[in-house]
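Fold and geometry: a report
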Number of protein chains: 2
Amino acid sequence: MVMETEKMTDTAPTVMPQSSGWALVVDDHPLFCDALELTLKSLQNFSEVQTADCLEAALAKLDASNSAPALILLDLNLPDVNGLDGLIRLKRSASKTPIIIVSSMTDNNIIKGAIAAGSSGFVPKHSARNVFRDAIEQIGAGNIYTPQGFVEGQEDDEETLAIARLSSLTNQQARILELICEGKLNKQIAYDLSIAEATVKAHVTSIMRKLNVQSRTQAVLVAQEAKFSKPLPKET
Amino acid sequence: MVMETEKMTDTAPTVMPQSSGWALVVDDHPLFCDALELTLKSLQNFSEVQTADCLEAALAKLDASNSAPALILLDLNLPDVNGLDGLIRLKRSASKTPIIIVSSMTDNNIIKGAIAAGSSGFVPKHSARNVFRDAIEQIGAGNIYTPQGFVEGQEDDEETLAIARLSSLTNQQARILELICEGKLNKQIAYDLSIAEATVKAHVTSIMRKLNVQSRTQAVLVAQEAKFSKPLPKET
DNA sequence: ATGCGCCCCCGACTATGGTCGGAGGCGCAT
DNA sequence: ATGCGCCTCCGACCATAGTCGGGGGCGCAT
């Protein structure tokens with residue numbers, strides 16, 4: 001599962017020497033955010049480092065900039081979004097740039113889901129600085145980084161499959177699925193997006209094909225499953 | 001919020017003197033289950049006490065018996081069902097018998113939801129024995145029991161309303177809603193229940209009316225909301 | 001017994017959801 | 001330039017979902 005189709009100018013041998021672009025850090029913990037920023041700057045690969053404390057802010061920064069960032073560090077458990085959903089949305093807004101997940105939850109399934117959703121790496125939040133450095137350099141070289149102790153596992157996990165399918169949706173398809181998950185009718189969706197109802201229907205059809213389901217109801221079930229992909233706390 | 005339409009034979013003044021029927025304890029923690037059983041027996045109001053360690057077993061015991069129990073003690077967080085859903089299903093199978101919720105989660109909203117779903121009382125799991133005794137006697141007298149420190153609160157909570165609506169469904173309606181939540185089509189549901197598709201549609205219509213929604217998609221959203229009515233664990 | 005309310009059942013009708021085929025635009029490789 | 005693939009868009013057609021009105025059974029109160 002290693003990308004080899006990395007495109008790079010012939011002036012760069014293996015790792016970009018310096019200033020391959022700007023980076024974005026998304027974390028709601030200010031101090032940790034700073035620490036990540038410093039780590040990135042110490043590598044001197046990035047011309048600038050921006051930060052955001054929630055997903056909305058991150059998406060806004062992406063919009064505001066005229067160029068895509070060279071790297072994104074993303075914390076799960078953001079205040080305004082839960083689960084892998086944030087990753088999927090972020091990935092959709094910057095499909096080319098690699099995203100490293102930084103999280104305190106190091107459950108094997110979470111990691112697998114994060115990779116399935118298109119992230120380029122996963123670093124436990126308690127890692128030492130040089131681990132972060134390693135991860136960033138690995139990903140700069142076009143590899144996927146996973147922490148030690150992560151087992152590749154069999155791919156036939158139903159939930160992982162669902163996540164992979166969800167992240168394969170187009171922007172427009174994702175927007176429509178979101179509206180479906182709010183219980184809206186095709187007609188309302190068409191009005192919201194200013195397109196014909198027939199178009200919405202066509203999108204719904206291809207969404208269902210990608211998610212491998214037969215009705216919009218099943219589609220929302222798959223979508224929900226990804227958002228609640230935590231082992232619920234067991235308590236006696 | 002106190003029931004006054006309690007029906008009782010004129011040989012019983014206020015509290016049943018003895019043997020008003022059998023009782024059922026549903027809890028997956030064996031020791032605690034025993035303790036509850038002993039507490040019930042010490043009251044000498046019940047001719048027999050049965051126990052179950054999961055919802056399926058509880059429903060089976062209800063089916064097996066030819067009479068409805070006089071009281072049910074139910075633990076939330078059972079292995080085979082999550083949230084208030086178990087309470088609703090149990091209540092539907094024994095609509096007449098009062099149910100006391102015994103749970104370690106004493107969140108105000110959970111309690112409110114439990115009452116909205118038709119339970120007759122809520123007792124924190126760490127309570128002393130005489131608290132349990134009080135609760136049981138209160139409920140035997142036809143009252144609702146809530147722990148001290150519980151504030152009645154305003155009723156306009158959206159989630160509480162949803163739960164109350166959910167528990168107002170008929171057996172057949174609940175069964176159909178369950179199948180809808182598995183993504184089945186009306187035709188399949190009709191086949192499963194051996195009724196005409198037109199009948200299923202009619203049920204769906206009245207389900208939507210009761211849940212106050214306009215489409216089956218919105219109906220499943222309401223149903224899901226009740227199942228995940230936990231504050232998700234916040235972790236940095 | 002009679003009426004009332006509730007539940008379950010159903011057929012015929014309308015609205016909405018989903019499929020099929022096709023148009024136009026855009027990036028990309030040759 | 002030309003062809004290929006992908007995305008977005010759309011109209012016409014069929015399947016499914018939802019509404020309306022009504023029949024029959026059952027418990028319950030008067």
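Residues numbered from 1 in each chain as written. Chains lettered and ligands numbered in written order. Predicted model: local features only at pLDDT ≥ 70, side-chain atom pairs only at ≥ 80, totals over all residues. Heavy atoms only, no water.

Formed by 102 residues in total, the largest nonpolar core has its most connected members in A:Leu90, A:Leu177, B:Leu90 and B:Leu177. Setting aside anything within four residues of it in sequence, one finds A:Leu90 in contact with A:Leu55, A:Ala58, A:Leu59, A:Leu62, A:Ile72, A:Leu74 and A:Ile99. (Core = buried A, V, L, I, M, F, W, Y, C linked by side-chain atoms within 4.5 Å. Buried < 20%, exposed > 50% of the residue type's maximum accessible area, 1.4 Å probe, protein only. Contact = heavy atoms within 4.5 Å.)

Let us look at the sheet that holds strand 4 (residues 99-103) of chain A. Residues and elements named next belong to chain A. Strand order across the open sheet formed by five strands is 2-1-3-4-5, with parallel pairing between neighbours. Either end of the sheet is taken by a strand with one partner, and the two such strands are strand 2 (48-52) and strand 5 (121-124). Pairwise comparison of adjacent strand axes, ignoring direction, gives a mean angle of 20 degrees for this sheet. Alignment of strand 1 (residues 22-26) against strand 3 (residues 71-75), held across four bridges, turns out to be parallel. Of the residues in strand 3, the one forming a bridge with Val26 is Leu74. The strands that helix 1 (residues 30-43) touches are strand 1, strand 2, strand 3 and strand 4; relative to strand 2, the one it contacts most, it runs at about 165 degrees. The sheet contacts of helix 5 (residues 129-140) involve strand 3, strand 4 and strand 5, and relative to strand 5 the element is tilted by about 180 degrees. (Pairing = 2+ DSSP bridges. Helix = DSSP H or I, 4+ residues; strand = E, 2+ residues; numbered from the N terminus. Axes fitted to C-alpha atoms, helices over the stretch in contact; angles between N-to-C directions.)

Residue and element names in this part refer to chain B. When you line up the elements, Gln44 lands in the loop between helix 1 (30-43) and strand 2 (48-52). The exposed category is assigned to Gln44, whose relative accessible area is 61%. Separated by 11 residues in the primary sequence, Gln44 and Cys33 place their C-alpha atoms 17 Å from one another.

Moving on: the domain arrangement of chain A. Residue and element names in this part refer to chain A. Assigned domains of chain A: these are domain 1 (22-140) and domain 2 (169-227). Taking only C-alpha atoms into account, the centre of domain 1 sits 28 Å from that of domain 2. With five residues of domain 1 at the interface, the matching set in domain 2 holds six residues. Both sides together, the interface formed by domain 1 and domain 2 hides about 460 Å², and carbon and sulfur atoms give 44% of it. Looking at the side of domain 1 facing domain 2, the largest losses of area belong to Asn82, Asp85 and Arg92, adding up to 75% of the total buried there. Remark: the boundary between domain 1 and domain 2 carries zero salt bridges. For the pair domain 1 and domain 2, the number of links is one residue pair in polar contact (both at pLDDT 80 or more). (Domains from an automatic or database assignment. Buried area = accessible area lost by both parts, 1.4 Å probe. Salt bridge = Lys/Arg side-chain N within 4 Å of Asp/Glu carboxyl O. Polar contact = N/O pair within 3.5 Å; in protein donor to acceptor, adjacent residues only side chain to side chain.)

Looking at DNA strand C, there are 18 residues lining it, with A:Lys201, A:Thr205, B:Thr170, B:Ala196 and B:Thr199 nearest. In the interface set of DNA strand C, defined as its atoms within 4 Å of the protein, sugar plus phosphate atoms amount to 66%. Separating a phosphate oxygen of DNA strand C from a backbone N or O atom of A:Asn186 is a distance of 3.2 Å. Here B:Gln172 contributes a side-chain N or O atom positioned 2.9 Å from a phosphate oxygen of DNA strand C. Elements that contribute at least two residues to the surface near DNA strand C include exactly helix 8 (186-193) and helix 9 (197-211) of chain A together with helix 9 (197-211) of chain B. In terms of residues, the surface near DNA strand C owes the most to one element, helix 9 of chain A, which gives five residues. Tallied by class, the residues present in the surface near DNA strand C amount to seven nonpolar, seven polar and four charged. (Near = heavy atom within 4 Å. Nonpolar A, V, L, I, M, F, W, Y, C, P; charged D, E, K, R; others polar.)

Right, let's get into the environment of B:Leu87. Residues and elements named next belong to chain B. When you line up the elements, Leu87 lands in helix 3 (residues 85-93). Overall, the relative accessible area of 0% leaves Leu87 in the buried class. Sequence separation of Leu87 and Asp75 is 12 residues, and the distance between their C-alpha atoms is 9.0 Å. Residue contacts for Leu87: discarding those within four places in its chain leaves Leu74, Ile99, Ile101, Ala114, Ala117 and Ser119.

A few words on helix 5 (residues 129-140) of chain B. An α-helix turns once per 3.6 residues; consequently, residues spaced three or four apart project the same way. All names here are of chain B. Taking 1.5 Å per residue as the helical rise, helix 5 with its 12 residues ought to reach 16 Å, and the 17 Å between its terminal C-alpha atoms agrees with that figure. Buried within helix 5 we find Phe132, Ala135, Ile136 and Ile139. Seen end-on, helix 5 carries its buried residues on one side only, within an arc spanning 95 degrees. The inward-facing, buried residues of helix 5 abut helix 1, strand 3 (71-75), strand 4 (99-103) and strand 5 (121-124). (Expected span 1.5 Å × (residues − 1). Arc of directions from axis to C-beta.)

Let's shift gears to the state of the cysteines. Scanning all chains against the criterion turns up zero disulfides over all chains. Left unpaired, A:Cys181 is separated from the closest cysteine sulfur, that of B:Cys181, by 13 Å. Residue class for A:Cys181 comes out buried when judged on its relative accessible area of 16%. (Disulfide = S-S within 2.5 Å.)

All names here are of chain A. Most of strand 3 is tucked away: five of the five residues are buried. The side-chain alternation of strand 3 yields two buried faces, one formed by Leu71, Leu73 and Asp75 and the other by Ile72 and Leu74. Across four bridges, strand 3 lies against strand 4 in parallel orientation. Among the inter-strand pairings, Ile72 is bridged to a residue of strand 4, identified as Ile99. Since strand 3 and strand 4 lie parallel, the crossover through helix 3 (residues 85-93) that links them has a hand, and here it is right-handed. (Right-handed = clockwise from strand over helix to strand, strands pointing away.)

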